[in-house]
Amino acid sequence: MSVQQQVGWRNERMGIIGNAGWSGGVIVAASSMPALAMMIAQRWARVGVFVLLFLAVAAAVLVHIKERPLWRWLQQSILMLAGRVAGVSRFEAKATGEAVSAEEAEQFDLPGVLQALQLHDGPPMPSGNMRRPVLLQHKGAKTWAMVASLQHQGVSMSDSNAIQRFSAALGQMVQGVVKSQSGMVRVSLYVRSAPADGAERAAWVAEHTTTASVPESLAESIDELERRVLAHSVISDYYVVATFAEDKLARPAKAAGGGLAGRAAAMYRALRSLEASLGDAGCHDIRWLSVHELAAAVRTGFNPGAAMGIAVAKARNSRGDTWHDGVSPVAAGPARAPAPSVRSYAHDSYVTASYSLVLPEISTQVGKLLRLVRPNQSGERRALALHFEPYDTKKGQTVIERDTSKAQIGKEIKRQRGFRISPFAEKKVAAAREQELRLVDGHNLVRVAGAVAVTVSADQEIETATTLLESSARASGYDVMRLELAQDVGFVAAVLPVGLGMPKRGE
């Protein structure tokens, strides 16, 4: 049986100079000028000092440790230490110490990078039973986003044809972002999995159990079967986030009337093609979340234990009761969160360790990430997020032509000077050439970033959970890299469906 192979990715930047970017190259070049000036002036006493300065700057910019330059490690270490000393990296929710107004209750009160998020009630959706979805604005990044929950049966039991259709649908979804001209710039997919707590099942059983007498032995057998099934059951939450850039959304929003209503109308139109692509990929029950539903998704991200109470309330409401099954936005975050540590992030009574997902060098298969989101022990939750940001056609061609030229020029220089051309250099040239041919065939260049996280309660050992997660990654053929000094940001990227997590383009 043939299996769809996924190939064609590579690092966004190629080589040491490529990792530094244009700005890094300018800084390194500028740092060499004082030494050259002293050499020209023949002030040899100062040449050594400026040469040492140049070497220090070059090392800080060009030397990368775990995909981050040395200067960024130094910067983040200083900022973390300063935040701890000043106490600004600790978080305490407003609602725990003072009364909040009705207006404040309808906005998030969240730590760190989430403080820039602002919630807006969108106009009713014509195709969504007049539901009012939330429009999520990030003022710092100048983006807008909409969040949906969905259901999917997975691909672990699918045949090769179904897997190929799933892959093609995802490709069409990303390609549709480029062709829509609606301002959508990124699509993010989230999966959160945890051992089933039995709350929804118990509510369903209570609703459908008859009063007819059942033999005691049969009842005991059914209960035992229920316990065994529940012990091996996993419950998963799926989300998709569509992110729009403010500058690209402005024109279609103005054509739709301007203001919040105009932005919403432009975003709603773009969601139709996204929903169609998700449907082709096997997704169903796509539901664009309201303010309080998004708050519930964020709340269960910070506190997995809150999911049980929300599930019970929803089950009771489905039976005609009037239980409150939403969450006020002001209560969506943690009550308290200490300053993030180097290797983990504590929130309420839970601890999370976050990783970036490193795409493998060899080809892989759709569905191989299943191991990463399958919990390996009781009380453990795993989360995975994949962020897709396609280039527009013109920019993609520019990037590919630049990278192809760099790879070929480097190979030609080595050949002319008699140096050995390594298989790695040959592979870079072939990879760049292959991507160029795919662009000619009508495909698009897409930036991909992945984050994965594992969460356990505070009384469990987080390092045991991380060891199991790293083992699952190796078994899947992937590698993961722990986000030291950035655990709070990694938690947001992997766990919370708000569309944050894609690094800025280093062009």
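Residues numbered from 1 in each chain as written. Predicted model: local features only at pLDDT ≥ 70, side-chain atom pairs only at ≥ 80, totals over all residues. Heavy atoms only, no water.

Q: Let's hear about the overall build of the protein: which residues, and what values?
A: The number of helices and strands found in the protein is 15 helices and 17 strands. The proportion of buried residues among the 507 residues of the protein is 41%. Counted over contacts in the protein with a minimum sequence separation of 6, partners at least 24 positions apart contribute 77%. Total accessible area on the protein is roughly 27300 Å²; 57% of this is exposed by carbon and sulfur atoms. (Helix = DSSP H or I, 4+ residues; strand = E, 2+ residues; numbered from the N terminus. Buried < 20%, exposed > 50% of the residue type's maximum accessible area, 1.4 Å probe, protein only. Contact = heavy atoms within 4.5 Å. Areas by Shrake-Rupley, 256 points an atom, 1.4 Å probe, with all protein chains shown as cover.)

Q: Describe the pairing of strand S9 (residues 234-245), naming the residues involved and giving the relevant values.
A: As paired strands, strand S7 (residues 143-151) and S9 are joined by eight bridges and run antiparallel to one another. Each residue of the ladder has a partner; that of Met146, found in S9, is Ala242. Bridge analysis of strand S8 (residues 184-195) against S9 gives eleven bridges, and the strand direction is antiparallel. Across the sheet, Val187 pairs through a bridge with Ala242, a residue of S9. (Pairing = 2+ DSSP bridges.)

Q: A description of the side chain of His120 should follow, citing residues and the corresponding values.
A: By secondary structure assignment, the location of His120 is in strand S5 (residues 117-121). Residue His120 is classed as buried on the basis of its relative accessible area, which comes to 17%. Once you skip the residues sitting within four places of it in the chain, His120 turns out to touch Pro133, Val134, Leu135, Gln137, Trp144, Leu260 and Val291.

Q: Mind laying out the packing of helix H12 (residues 393-416) against helix H13 (residues 423-440), listing which residues take part and the relevant values?
A: Between H12 and H13, the shortest axis-to-axis distance is 9 Å and the interhelical angle comes to 150°. Taken as axis vectors, H12 and H13 run roughly antiparallel relative to one another. Helix-helix and strand crossings are classified by hand; for H12 and H13 the assignment is left-handed. Residues Gly396, Gln397, Ile400, Glu401, Asp403, Thr404, Ala407, Gln408 and Lys411 of H12 pack against Glu426, Lys428, Val429, Ala432, Arg433, Gln435, Glu436 and Leu439 of H13. Here the contact of H12 with H13 is composed, by residue class, of five nonpolar, five polar and seven charged. (Axes fitted to C-alpha atoms, helices over the stretch in contact; angles between N-to-C directions. Parallel < 35°, antiparallel > 145°, perpendicular 65-115°, else oblique. Left-handed = near helix turned anticlockwise from the far one by under 90°. Nonpolar A, V, L, I, M, F, W, Y, C, P; charged D, E, K, R; others polar.)

Q: With reference to specific residues and values, describe helix H14 (residues 462-476).
A: Across its 15 residues, H14 extends 21 Å between first and last C-alpha, which sits within 8% of the 21 Å expected from 1.5 Å per residue. Of the positions making up H14, those classed as buried are Ile462, Ala465, Thr466, Leu469, Ser472, Ala473 and Ser476. For H14, the angular spread of buried residues about the axis comes to 120°, placing them on one side. Looking at the residues trailing H14, positive phi occurs at Gly477, about 90°. (Expected span 1.5 Å × (residues − 1). Arc of directions from axis to C-beta.)

Q: Can you explain the environment of Val100? Please cite residues and give values.
A: Structurally, Val100 can be placed in the loop between strand S4 (91-92) and helix H4 (102-105). Once residues within four sequence positions are removed from consideration, Val100 is found in contact with Lys94, Ala95, Ala105 and Val330.

Q: Describe the pattern of salt bridges, with residues and values.
A: Tallied over the entire structure, the rule returns eleven salt bridges. One salt bridge connects Glu92 with Arg336, and the closest N-O pair in it is separated by 3.5 Å. One end of the pair, Glu92, is in strand S4; the other, Arg336, is in strand S11 (residues 336-337), with 244 residues separating them in the sequence. Note on Glu92: relative accessible area 46%, which makes it partly exposed. Among the salt bridges present, the one from Asp348 reaches Arg299, with a minimum N-O distance of 3.1 Å. Placement of Asp348 in the loop between strand S12 (345-347) and strand S13 (350-358) and of Arg299 in helix H10 (residues 291-302) is noted, with a sequence separation of 49 residues between them. Residues joined in a network through salt bridges with shared partners are Arg343, Glu463, Arg482 and Glu484. (Salt bridge = Lys/Arg side-chain N within 4 Å of Asp/Glu carboxyl O.)

Q: Can you tell me about unusual backbone geometry, naming the residues and giving the values?
A: Of note in the backbone geometry, Lys142 takes a positive phi value of approximately 55° without being a glycine. Looking at the element boundaries, Lys142 is found in the loop between strand S6 (134-138) and S7. Here Lys142 falls in the exposed class, since its relative accessible area comes to 60%. Look at Asp285: it is not a glycine, yet its phi comes out positive at around 55°.

Q: Before we move on, can you summarise the nonpolar core with the specific residues and values?
A: Counting 47 residues, the largest nonpolar core has Met184, Val187, Phe244, Leu271, Leu274 and Leu357 as the members making the most contacts within it. Looking at this core, the element that brings in the most residues is helix H9 (residues 259-280), giving eight residues. Not counting the four nearest positions on each side in its chain, Leu274 is found in contact with Met173, Met184, Val187, Ala242 and Trp288. Leu114, Tyr239, Ala332 and Ala451 belong to the second largest nonpolar core, which has 39 residues in total. (Core = buried A, V, L, I, M, F, W, Y, C linked by side-chain atoms within 4.5 Å.)

Q: Could you give an account of the packing of H10 against helix H11 (residues 306-318), naming the residues involved and the relevant values?
A: Put simply, H10 and H11 touch, their axes get as near as 8 Å, and they point 145° apart. From H10, Ala296, Arg299 and Thr300 reach across to H11, where they touch Ala306, Ala307 and Ile310. Its residues placed into classes, the contact of H10 with H11 shows four nonpolar, one polar and one charged.

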